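Analysis of the macromolecular model
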Amino acid sequence: MAAALPNSEDDDFAETHDINVTPFIDVILVLLIIFMVAAPLSTVDLPIDLPSANAAPQKKPEKPVYVSLKVDLELFVGETPVKRSDLGRRLSEDSDSKERRIYLRADKSAPYGELMAVLDLIKGAGFTKIALVALEGAPAGGQP
């Protein structure tokens, strides 16, 4: 009884060493599209004319909480309008602790007294770490 040995010329049972990268490329392209769509949605997009400052820019946190005061004195937390009486409650909902830094943005044409009133509302809600947001660069008019 003779056993049949596989013939080296027979390619029916030969192993292939090719890697199919098509599914990998498909997954990478889908992830790229998801990030391209999600990236613009993660920024605050309110039209506020910020004053400029020439101080060194600070490192931005992962998920900042912005309070914005527009020129018409409308108040926003993130991109959501909020009443002044509800500001403290809304900030408590959006931030995980009272030690979290709150970023206050105000239009440069907004009255200074209104900016201070919003600052007092934030402090009254128990938030003591408040940062004022300005544009980077030299101030207008060439003053130091």
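Residues numbered from 1 in each chain as written. Predicted model: local features only at pLDDT ≥ 70, side-chain atom pairs only at ≥ 80, totals over all residues. Heavy atoms only, no water.

Reading across the sheet, the five strands line up as β4-β3-β2-β5-β6 and stay open at both edges, with mixed pairing between neighbours. Unpaired on one side and paired on the other, β4 (80-81) and β6 (130-132) mark the two borders of the sheet. Of the strands in this sheet, β2 (65-69), β3 (75-77), β4 and β5 (102-106) are in contact with helix α2 (residues 87-94), which crosses β3 at around 20°. (Pairing = 2+ DSSP bridges. Helix = DSSP H or I, 4+ residues; strand = E, 2+ residues; numbered from the N terminus. Contact = heavy atoms within 4.5 Å. Axes fitted to C-alpha atoms, helices over the stretch in contact; angles between N-to-C directions.)

Turning next to the packing of aromatic side chains. A complete count under the given rule lists one aromatic pair for this structure. An angle of 45° between the planes, with centres 5.7 Å apart, marks the rings of Tyr 66 and Tyr 103 as tilted. Remark: Tyr 103 occurs in strand β5 and Tyr 66 occurs in strand β2; sequence separation between them is 37 residues. Accessibility assignment for this pair places Tyr 66 and Tyr 103 in one class, buried. The ring of Tyr 66 carries Arg 105 above its face, with NZ or CZ at 5.8 Å from the centroid. (Phe/Tyr/Trp six-rings, centres within 6.5 Å; stacked < 30°, edge-to-face > 60°. Buried < 20%, exposed > 50% of the residue type's maximum accessible area, 1.4 Å probe, protein only. Lys NZ or Arg CZ within 6 Å of the ring centre and 35° of its normal.)

Taking burial as the measure, the five residues of β2 include five buried ones, the bulk of the element. Because side chains alternate across β2, one face comprises the buried residues Val 65, Val 67 and Leu 69, and the other comprises Tyr 66 and Ser 68, equally buried. Summarising the sheet, β2 and β5 pair through five bridges and their orientation is parallel. Paired with Leu 69 across the strands is Ala 106, a residue of β5. Where β2 meets β3, three bridges bridge the pair, whose relative direction is antiparallel. Of the residues in β3, the one forming a bridge with Ser 68 is Phe 76. The hairpin formed by β2 and β3 contains five residues between the paired strands, and Leu 73 there has a positive phi angle of roughly 70°.

Before going further, it helps to spend a moment on the side chain of Arg 90. Tracing the backbone shows Arg 90 in helix α2. Its relative accessible area of 19% is what places Arg 90 among the buried residues. The residues contacting Arg 90, other than those within four sequence positions of it, are Val 77, Thr 80 and Val 82.

Quick look at the nonpolar core now. One finds Val 67, Leu 87, Leu 91, Leu 104, Val 118 and Ile 122 to be the most contacted residues of the largest nonpolar core, which totals 19 residues. Those elements giving two or more residues to this core turn out to be β2, β3, α2, β5 and α3 (112-124). In contact with Leu 91, not counting residues within four places along its chain, are Val 65, Val 67, Val 77, Ile 102, Ile 122 and Phe 127. (Core = buried A, V, L, I, M, F, W, Y, C linked by side-chain atoms within 4.5 Å.)

We now examine unusual backbone geometry. With a phi close to 70°, Leu 73 is a non-glycine residue in the positive phi region. Positionally, Leu 73 belongs in the loop between β2 and β3. Take Leu 73: its relative accessible area is 30%, and that puts it in the partly exposed class.

Taking burial as the measure, the five residues of β5 include five buried ones, the bulk of the element. The alternating pattern of β5 places Ile 102, Leu 104 and Ala 106 and Tyr 103 and Arg 105 on opposite faces, both of which are buried. Bridging between β5 and β6 involves three bridges; their strand directions are parallel. Residue Tyr 103 lies in a different strand from β6, and its bridge partner there is Ala 131. Taken together, β5, α3 and β6 form a β-α-β motif whose crossover is right-handed. (Right-handed = clockwise from strand over helix to strand, strands pointing away.)

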